[in-house]
Amino acid sequence: MNTGTTTPDSYYVRIDEHRYKPTVHASGAWDPDELHFSPLGGLVVHAIERERAARPETGLVLARISYDILGRLALDECEIRVETVRPGRTIELVEAVVLVADRPVVRARAWFLATLDTSGVAGGADDRLTPPEGLDTWEMSALWPGGYIASLDVRPLAPPRPGRTTAWISTRHALVADEPGSPLASYLALVDTANGIAVRQPPTAWIYPNVDLTVHLHRQPRGNWTGLDTTVTFGPTGQGLTSTVLHDVDGPVGHAQQILTVRPAPDQ
């Protein structure tokens, strides 16, 4: 893809109201000619928030978003269409469809719920993670190719182990060039990285892309770091599961799940 002589310090550049062009920083880990889903997941939230901001304020917050990845994510312009499926004053369901070359490649559904003060009964979450400051950076690009992986600051709490890693993820890149993004969209733009931090088998020998991502939040994240406490399981018949407890600097914020299709690499 020709991105011009100067690459913007962002994952996407806006083309018009509904279309976005990826930069090389959005290129994938399984194939650098494809999109990495992680920044696209954040872009979907960004588009949903823009659509909702054009309407009267409701005070609702995102509590769950589920993405279904319908096919190959070409490193090309995309269009995002947003529709409110179930409007409401206390509960709202929004759907977004991502199209590349007029073909749907991602469908996402987001539940927004009302907010009220429940601090008096709050509890049940895990302990905070060790803060990212002072932790060593792990060069994930030694394991995975692609512009997206190269754009990350990854700081594991301990050396990564097969199927089990806890790490902080951050990036200096904006989601969309010259456009402010919310802390939520920026946070969710890094969550799909989970499937790459706790690999059970080398990606040169096995492939295990996720076909979905579902995120549940019991609290809105804040700060510039996405904490991933990740476990990867492979089953005996070609399916796998990446399960993650999500953290910010204040503690747990929710959970993420990714179902995997596991198979030998084509040249094996």
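Bear in mind that the values here come from a model prediction, so they are computed numbers and not experimental data. Within every chain, residues take consecutive numbers counted from 1 along the sequence as written. Predicted model: local features are reported for residues with pLDDT of at least 70 only, side-chain atom pairs are reported and counted for 80 or more only, and whole-chain, interface and lining totals are derived from all residues. The basis for the side-chain values is all heavy atoms of the structure; hydrogens and waters are excluded.

Engineer: Report on the overall build of the protein, specifying residues and quantitative values.
Structural biologist: When its secondary structure is counted, the protein shows 4 helices and 15 strands. Taken over the C-alpha trace, the protein has a radius of gyration of 18 Å; the compact-globule value for 268 residues is 18 Å, and the two agree within 12%. Projected onto its principal axes, the C-alpha positions of the protein cover 55 × 45 × 40 Å. Note on classification: 1.4 Å probe, protein chains only; a residue is buried when its accessible area is under 20% of the maximum for its type, exposed when over 50%, partly exposed between these limits. Looking at the protein residue by residue over its 268 residues, the buried ones come to 48%. Whether two residues touch is decided by their heavy atoms; if any such pair falls within 4.5 Å, the residues are in contact. Counting contacts in the protein only where the partners sit at least 6 residues apart, residues at least 24 apart contribute 66% of the total. For the area figures, the Shrake-Rupley method with a 1.4 Å probe applies, and any residue is considered shielded solely by the protein chains shown. As displayed, the protein has an accessible area near 12,900 Å², and 51% of this comes from carbon and sulfur atoms. Only DSSP runs of H or I reaching four residues or more are called helices, and only runs of E reaching two or more are called strands; each is numbered from the N terminus. Two things to know: the radius of gyration comes from C-alpha atoms, and the globule rule equals 2.2 Å times the number of residues to the power 0.38.

Engineer: Give me the lowdown on the environment of Tyr12, citing residues and values where you can.
Structural biologist: On the secondary structure map, Tyr12 appears in strand E1 (residues 10–14). Assessed through its relative accessible area of 0%, Tyr12 is described here as buried. With 184 residues separating them in the primary sequence, Tyr12 and Gly196 have C-alpha atoms 22 Å apart. Apart from residues no more than four positions distant in its own chain, Tyr12 is found in contact with Tyr20, Lys21, Pro22, Thr23, Leu35, Pro39, Leu40, Leu43, Cys78, Leu175, Val176 and Ala177.

Engineer: Explain the packing of aromatic side chains to me, and be specific about the residues and the numbers.
Structural biologist: Any pair of aromatic rings gets described here by the distance separating the centres and the angle formed by the planes. Stacked, edge-to-face and tilted are the three classes for Phe, Tyr and Trp ring pairs, Trp counted by its six-membered ring, which pair at centre distances within 6.5 Å; planes under 30 degrees apart are stacked, over 60 edge-to-face, the rest tilted. Tallied over the full model, the rule gives 6 aromatic pairs. Measuring from centroid to centroid gives 4.9 Å for Trp30 and Trp144, while their planes differ by 85 degrees, and the two rings are edge-to-face. Of the two residues, Trp30 is situated in the loop between strand E2 (19–22) and helix H1 (37–53) and Trp144 in the loop between strand E6 (103–113) and helix H2 (147–150); the sequence distance between them amounts to 114 residues. What makes Trp30 partly exposed here is its relative accessible area of 34%. What makes Trp144 buried here is its relative accessible area of 4%. Pairwise contacts between aromatic rings join Trp30, Trp144, Tyr208 and Phe234 into one cluster. The rule is short: NZ of Lys or CZ of Arg within 6 Å of the ring centre and within 35 degrees of the ring normal puts a charge over the ring. The cationic tip of Arg52 hangs over the ring face of Phe112; the distance from NZ or CZ to the ring centre is 3.9 Å.

Engineer: How would you summarise the nonpolar core if you had to cite specific residues and measurements?
Structural biologist: As used here, the term nonpolar core means buried Ala, Val, Leu, Ile, Met, Phe, Trp, Tyr and Cys residues forming a set that is joined through side-chain atoms within 4.5 Å. In terms of nonpolar packing, the biggest core is built from 64 residues, with Tyr12, Leu40, Ile65, Tyr67, Val215 and Leu246 touching the most fellow members. It is H1 that contributes the most residues to this core, 7 residues altogether.

Engineer: Please provide a residue-by-residue account of a nonpolar patch on the surface, values included.
Structural biologist: Every patch collects residues that have over 30% relative accessible area and no salt bridge, joining them within 9 Å if they carry like charges and within 5 Å if they are nonpolar side chains (Val, Leu, Ile, Met, Phe, Trp, Tyr). Any carboxyl oxygen of Asp or Glu that lies within 4 Å of a side-chain nitrogen of Lys or Arg is treated as forming a salt bridge with it. A surface patch of nonpolar side chains, about 200 Å² in accessible area, is lined by Val211, Leu241 and Ile259. Tracing the backbone through its elements, the reader meets Ile259 in strand E14 (residues 251–261).

On their own, these measurements won't tell you what the molecule is for.
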